[in-house]
Amino acid sequence: IIENILRRKDILVIMPTGGGKSLCYQLPAMMMNGMTIVVSPLIALMNDQVVSLKAAGVQVAALHSNMTKSELSDVDRQLQARQIKMLYVSPERINSNGFTDYLARFEISLIAIDEAHCVSVWGNDFRPDYVLLNKVRDRFVDVPFISLTATADAATQQDICK
């Protein structure tokens, strides 16, 4: 998985919960130039990962709806200073008006779509903003994408890849 990402190939990863999915994008993020964007639907999961990565010395931040204006400004300052290696965002944030144009100002090395099964209308966790991630893919055509999930039947896998 990591070798394919480092070769700048898109990849779909299906691994069980606790199987190391996060390492599949975190390790390449540390090895590549630029910033990795991680799209995650769960604020609690984002916050847990940010806290753990910060404790390990990684320059990481999150942008989501539960942040104060001051916290958002702090992240913006860090982004402008190129002090963030990994940025966690919600699907709603990455699809918000003008946000991909904002991200395009930075060197994006990888985009990771966590809980990628949410793209599928066949699943219980369908999120409309996940379907719109194809526009993000269109905006960053030269950036490798990694989509990760623990659960995906054949129909869901086809939806994710499409």
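Note: the structure precedes this text.
Because the structure is a prediction, the values reported are computed rather than measured. (Residues numbered from 1 in each chain as written. Predicted model: local features only at pLDDT ≥ 70, side-chain atom pairs only at ≥ 80, totals over all residues. Heavy atoms only, no water.)

Participant: What exactly am I supposed to notice about the pattern of salt bridges here?
Facilitator: Close approach of charged atoms lets side chains of opposite charge pair. Applying the stated criterion across every chain, the model contains 4 salt bridges. Residue Arg139 is joined to Asp101 by a salt bridge in which the shortest nitrogen-to-oxygen separation is 3.2 Å. Taken together, the positions of Arg139 in helix α8 (residues 133–139) and Asp101 in helix α6 (residues 99–103) put the pair 38 residues apart, joining distant regions of the chain. Note on Asp101: relative accessible area 47%, which makes it partly exposed. (Salt bridge = Lys/Arg side-chain N within 4 Å of Asp/Glu carboxyl O. Helix = DSSP H or I, 4+ residues; strand = E, 2+ residues; numbered from the N terminus. Buried < 20%, exposed > 50% of the residue type's maximum accessible area, 1.4 Å probe, protein only.)

Participant: I'm lost on the nonpolar core in this one. Help?
Facilitator: Note that soluble globular proteins tend to have their nonpolar side chains buried in a common cluster. Core analysis: the biggest nonpolar cluster contains 30 residues, and Ile37, Leu87, Ile94 and Ile111 have the highest contact counts within it. When residues of this core are traced back to their parent elements, those giving at least two are β2 (35–39), β3 (60–63), α4 (69–80), β4 (86–89), α6, β5 (108–113) and α8. Residues in contact with Ile111, not counting those within four places in the same chain, are Ile37, Val136, Phe140, Val143, Pro144, Phe145 and Ile146. Cys24, Met32, Met46 and Ala112 belong to the second-largest nonpolar core, a separate cluster that totals 21 residues. (Core = buried A, V, L, I, M, F, W, Y, C linked by side-chain atoms within 4.5 Å. Contact = heavy atoms within 4.5 Å.)

Participant: I keep staring at the packing of aromatic side chains and nothing clicks. Help me out?
Facilitator: Two aromatic rings are characterised by how far apart their centres lie and by the angle between their planes. Applying the stated criterion across every chain, the model contains 2 aromatic pairs. Aromatic rings pair up to connect Phe99, Tyr102 and Phe106 into one cluster. Between Arg139 and the ring centre of Phe140, over which it is positioned, the NZ or CZ distance is 5.9 Å. (Phe/Tyr/Trp six-rings, centres within 6.5 Å; stacked < 30°, edge-to-face > 60°. Lys NZ or Arg CZ within 6 Å of the ring centre and 35° of its normal.)

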